[in-house]
Amino acid sequence: VRTMRDEIDPLLVLKGASEASTRALACSYCIIFKRNDETGEMELAAGDEDKGANEIAQQALAKLQGANETFEAQIGNFRILALLCHYHQRNNGAVIFMFDADHPEPTDGERAIMTEVSDQVGIAIEQAIQHERILTLSRTDGMTGLLNRRAFFEELKRRHSRLRRENAPAALMYVDMDNFKLVNDIHGHQAGDDAILALTKVLLDNVRPADLVARLGGDEFVLWLEGADINAASGR
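What you see is a predicted model, and the numbers here were worked out from it, not measured in a lab. (Residues numbered from 1 in each chain as written. Predicted model: local features only at pLDDT ≥ 70, side-chain atom pairs only at ≥ 80, totals over all residues. Heavy atoms only, no water.)

Enquirer: Sorry if this is basic, but what is going on with the sheet that holds strand 1 (residues 29-35) here?
Expert: Across a sheet, paired strands are connected by hydrogen bonds in the backbone, their directions being either parallel or antiparallel. In space, the five strands of this open sheet follow the order 2-1-5-4-3, with antiparallel pairing throughout. Each having just a single partner strand, strand 2 (42-46) and strand 3 (70-75) make up the two edges of the open sheet. On average, adjacent strands in this sheet sit at an angle of 25 degrees to one another, irrespective of strand direction. Here strand 1 runs beside strand 5 (residues 90-100); their pairing, made up of six bridges, is antiparallel. (Pairing = 2+ DSSP bridges. Helix = DSSP H or I, 4+ residues; strand = E, 2+ residues; numbered from the N terminus. Axes fitted to C-alpha atoms, helices over the stretch in contact; angles between N-to-C directions.)

This is the structure in structure tokens:
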């Protein structure tokens, strides 16, 4: 609990909880899953670099989701004790404790610690989810979902520095809508919003995942085309 409390970054809290619990309970691994707010799927949030251990934890997670609040069994060479995490009665993650198969069965005291850890992890996961939401809101334009001005220029600075180091091509495009004020004045702000969203779709349909698209404000947009030389940029 102290390890979790002393860390500020919510995602590092989960990493710290995994490491501290592994030490405290003398288990082989403590692997934490966090529910993705958008997809509803469980995602690995903290664990080990051992792919085999992560795969076994995934198997335990599948069994846990088909059970009630806990799942206990031997899978492969591990004794597994898995618990769901909650925040205000809502399941938001899971903790998978993995012991060597010959490890003594956990005592009542150790089980109580594991339950307490899962309760604390549930709180930490909710903090991580809220942190991600705030971060997303602070970096995106509310209407279009594109990067906002501040986020674009922060990213542009990193991209430009890398460009200079690698001496690679890229293109910067500035886009605005002619006569946009007349659309608002004559047809109303809803029509203006529709025009902004239509242009947003055009821009997104013509970029790749590595490119950046941002709305600077009003009818002003900007694009960074990663790796695009003059011919590629002109074609785009």
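Enquirer: What exactly am I supposed to notice about the packing of helix 6 (residues 180-187) against helix 7 (residues 189-205) here?
Expert: How two helices sit against one another is set out by the angle between their axes and by the gap between those axes. Between helix 6 and helix 7, the least distance of the axes is 6 Å, while the angle of their chain directions is 145 degrees. Each of Phe 180, Val 183, Asn 184 and His 187 in helix 6 lies in contact with helix 7, whose residues at this interface are His 189, Ala 191, Gly 192, Ala 195 and Ile 196. Split by residue class, the contact of helix 6 with helix 7 holds five nonpolar, four polar and no charged. (Contact = heavy atoms within 4.5 Å. Nonpolar A, V, L, I, M, F, W, Y, C, P; charged D, E, K, R; others polar.)

Enquirer: Explain helix 5 (residues 149-166) here, please?
Expert: Two residues of an α-helix separated by three or four positions point the same way, owing to the 3.6 residues in each turn. Taking 1.5 Å of rise per residue, the 18 residues of helix 5 would be expected to cover 26 Å, and the 25 Å separating its terminal C-alpha atoms lies within 8% of that figure. When we look at burial in helix 5, the residues that qualify are Ala 151, Phe 152, Glu 155, Leu 156, Arg 159 and Leu 163. Angularly, the buried residues of helix 5 cover 125 degrees about the axis, an arc narrow enough to put them on a single face. Exposed residues lying more than 90 degrees from the buried face of helix 5 are Lys 157, Arg 164 and Arg 165. Along its buried surface, helix 5 packs onto helix 4 (108-139), strand 6 (170-176), strand 7 (212-217) and strand 8 (220-226). (Expected span 1.5 Å × (residues − 1). Buried < 20%, exposed > 50% of the residue type's maximum accessible area, 1.4 Å probe, protein only. Arc of directions from axis to C-beta.)

Enquirer: Quick question: what am I supposed to make of the sheet that holds strand 7 here?
Expert: On the basis of which strands lie adjacent, the open sheet formed by three strands has the order 6-8-7 and antiparallel pairing. Two strands bound the open sheet, and with one partner strand each, they are strand 6 and strand 7. Averaged over all adjacent pairs, the angle separating strand axes in this sheet is 20 degrees, with direction ignored. Sheet topology note: the strand 6/strand 8 ladder contains seven bridges and is antiparallel. Counterpart to Val 175 in the pairing with strand 8 is Phe 221. Strands in contact with helix 5 are strand 6, strand 7 and strand 8; relative to strand 8, the strand with the most contacts, it is inclined by about 25 degrees. Its contacts with the sheet put helix 7 on strand 6, strand 7 and strand 8, and the angle it makes with strand 8 is roughly 5 degrees.

Enquirer: Where do I start with unusual backbone geometry in this structure?
Expert: Glycine aside, negative phi is the norm for most residues, and most peptide bonds take the trans geometry. For Ala 26, which is not glycine, the phi dihedral falls at a positive 55 degrees. You can see Ala 26 is positioned in the loop between helix 2 (10-25) and strand 1. Judged by relative accessible area, Ala 26 falls into the exposed class, the value being 52%.

Enquirer: Before we go on, may I ask you to explain helix 7 in this structure?
Expert: With 17 residues, helix 7 should cover 24 Å at 1.5 Å per step; its first-to-last C-alpha distance of 24 Å lies within 8% of that length. Taken together, the buried positions of helix 7 are Gly 192, Ile 196, Leu 199, Thr 200 and Leu 203. Buried residues of helix 7 fall within an arc of 105 degrees about the axis and therefore sit on the same side. Turned more than 90 degrees away from the buried face of helix 7, the exposed residues are Gln 190, Lys 201 and Asp 205. Buried positions along helix 7 lie against strand 6, helix 6, strand 7 and strand 8.

Enquirer: I would appreciate a short explanation of a negative patch on the surface in the present structure.
Expert: A cluster of like negative charges, contributed by Asp 48, Glu 49, Asp 50 and Glu 55, occupies part of the molecular surface. Mapped onto the fold, Asp 50 is located in the loop between strand 2 and helix 3 (51-66). (Patch = residues over 30% accessible without salt bridge, like charges linked within 9 Å, V, L, I, M, F, W, Y side chains within 5 Å. Areas by Shrake-Rupley, 256 points an atom, 1.4 Å probe, with all protein chains shown as cover. Salt bridge = Lys/Arg side-chain N within 4 Å of Asp/Glu carboxyl O. Lys, Arg positive; Asp, Glu negative; His and termini not counted. Charge placed at Lys NZ, Arg CZ, Asp CG, Glu CD.)

Enquirer: Could you clarify how one ought to interpret the pattern of salt bridges in this entry?
Expert: Pairing is possible between side chains of opposite charge, provided their charged atoms come close. One pass over the full model with this rule turns up 17 salt bridges. Of the charged contacts in the structure, one is a salt bridge between Asp 141 and Arg 215, with a shortest N-O distance of 3.3 Å. Of this pair, Asp 141 sits in the loop between helix 4 and helix 5 while Arg 215 sits in strand 7; the two residues are 74 residues apart in sequence, bridging distant segments of the chain. Each member of the pair, Asp 141 as well as Arg 215, carries the same accessibility label: buried.

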